[in-house]
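Listed here are the chains, written in short residue letters.
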Amino acid sequence: MRIERIEHIGIAVSNLDEAIRFYEKVLNLTCYAIEAVADQKVRTAFFKVGETKIELLESTDPEGPIGKFIEKKGEGIHHIAFAVDNIEQALAETESKGVKLIDQTPRNGAEGLRIGFLHPKNTMGVLTEFCSGK
Ligand code: ZN
């Protein structure tokens, strides 16, 4: 497995439109995409910061993963995503090193990426995502 870069940082927000205003008006970043990911019950907004992106996540369902996260912990950093060269191999290699996975096989994420999450119990509380373009 080779990690190429931090692909994005996922931030859970209660109100996507307000959060977009903050990133645009205060931080002078540009929202270049808004996308719903039905699978994860979220609406997402993306900003580029160099090679890395900020992914804002608003829940579309209180029972979805982001809805539950905000209820438990409030708004804030939700996960960190690493771009890997081969996602199947990265997940398998990580599992073989004794790390529990949330996703045994990759699923579809925003921006056409294939994504898989590691279990935060084995990653010092940081929900960790691998993603890959193919
Ligand atoms: Zn993500």
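The structure we're discussing is the one just above.
Figured I'd write up the structure that's included with this text.

About the cut-offs
Sequence order as written defines residue numbering, which begins from 1 separately in each chain. Side-chain atom pairs in this predicted model are given and counted only at pLDDT of 80 or more, local residue features only at pLDDT of at least 70, and totals for whole chains, interfaces and linings cover all residues. Here the side-chain values reflect all heavy atoms present in the structure, with hydrogen atoms and water set aside. We treat two strands as partners when DSSP finds at least two bridges between them. In this description a helix means any DSSP run of H or I spanning at least four residues, a strand means any run of E spanning at least two, and both kinds are numbered starting from the N terminus. Contact definition: two residues touch when any of their heavy atoms are within 4.5 Å. Structural elements are reduced to axes, namely lines fitted to C-alpha atoms, with helices fitted over the stretch in contact, and the angle between N-to-C directions of any two is expressed from 0 to 180 degrees. Only nitrogen, oxygen and sulfur atoms count as donors, using a 2.8 Å cut-off from the metal that widens to 3.2 Å for Na, K and Ca. Water is left out, so coordination shells may look unfilled. Square planar and octahedral sites, with four and six donors, are those where opposite donors lie more than 155 degrees apart and all other angles lie between 65 and 115, tetrahedral sites have four donors with every angle between 85 and 135 degrees, and the rest are irregular. A pairing counts as a salt bridge when a side-chain nitrogen of Lys or Arg comes within 4 Å of a carboxyl oxygen of Asp or Glu. Residue burial is assigned from relative accessible area. The probe radius is 1.4 Å, only protein chains are included, and a residue is buried under 20% of its type maximum, exposed over 50%, and partly exposed in between. Only rings of Phe, Tyr and Trp enter the pairing, Trp through its six-membered ring, and a pair is recorded when the two centres are within 6.5 Å. The plane angle decides the type: under 30 degrees is stacked, over 60 is edge-to-face, the rest tilted. Each ring is checked for a lysine NZ or an arginine CZ that lies within 6 Å of its centre and within 35 degrees of its normal; such an atom marks a charge sitting over the ring.

Strands pair in a sheet through their backbones, by hydrogen bonds, and they do so in one of two ways: parallel or antiparallel. Pairing is mixed in the open sheet, where eight strands are placed in the order 2-3-4-1-5-8-7-6. A single partner strand is all that each edge strand has here, and the edge strands are strand 2 (31–37) and strand 6 (107–108). Here eight bridges tie strand 1 (residues 3–13) to strand 5 (residues 76–84), and the two strands are oriented antiparallel to one another. Bridge pairing in strand 5 places Ile3 opposite Val84. Contacts between helix 3 (residues 87–96) and the sheet are confined to strand 5, strand 7 (114–118) and strand 8 (128–132), with strand 7 contributing the most and set at about 10° to the helix.

Looking at the metal site, the zinc ion is ligated by His8 (NE2), Glu55 (OE), His79 (NE2) and Glu129 (OE), spaced 2.0 to 2.6 Å from it. Every donor counted, the four donor atoms about the zinc ion form angles of 77 to 174° at the centre, which fits irregular coordination. The motif formed by the donor residues of the zinc ion, counted along the single chain, is H-x46-E-x23-H-x49-E. With Glu55 in strand 4 (residues 52–59) and Glu129 in strand 8, this residue pair connects regions lying 74 residues apart in the sequence.

For the coordinates displayed, the defined rule picks out nine salt bridges. For Asp17, the salt bridge goes to Arg43, with nearest N and O atoms at 3.6 Å. Note that Asp17 is positioned in helix 1 (residues 16–26) and Arg43 in strand 3 (residues 42–49), a separation of 26 residues in sequence. Residue Asp17 is classed as partly exposed on the basis of its relative accessible area, which comes to 41%.

This part covers the packing of aromatic side chains. Each aromatic ring pair is summarised here by two numbers: the centre-to-centre distance and the angle between the ring planes. All chains considered together, the criterion is met by three aromatic pairs. Judged by centre distance (5.3 Å) and plane angle (85°), the ring pair of Phe22 and Tyr23 falls under edge-to-face. The class of Phe22 is partly exposed, set by a relative accessible area of 39%. Of note, Lys48 hangs over the ring of Tyr32, and the distance from its end group to the ring centre comes to 4.1 Å.

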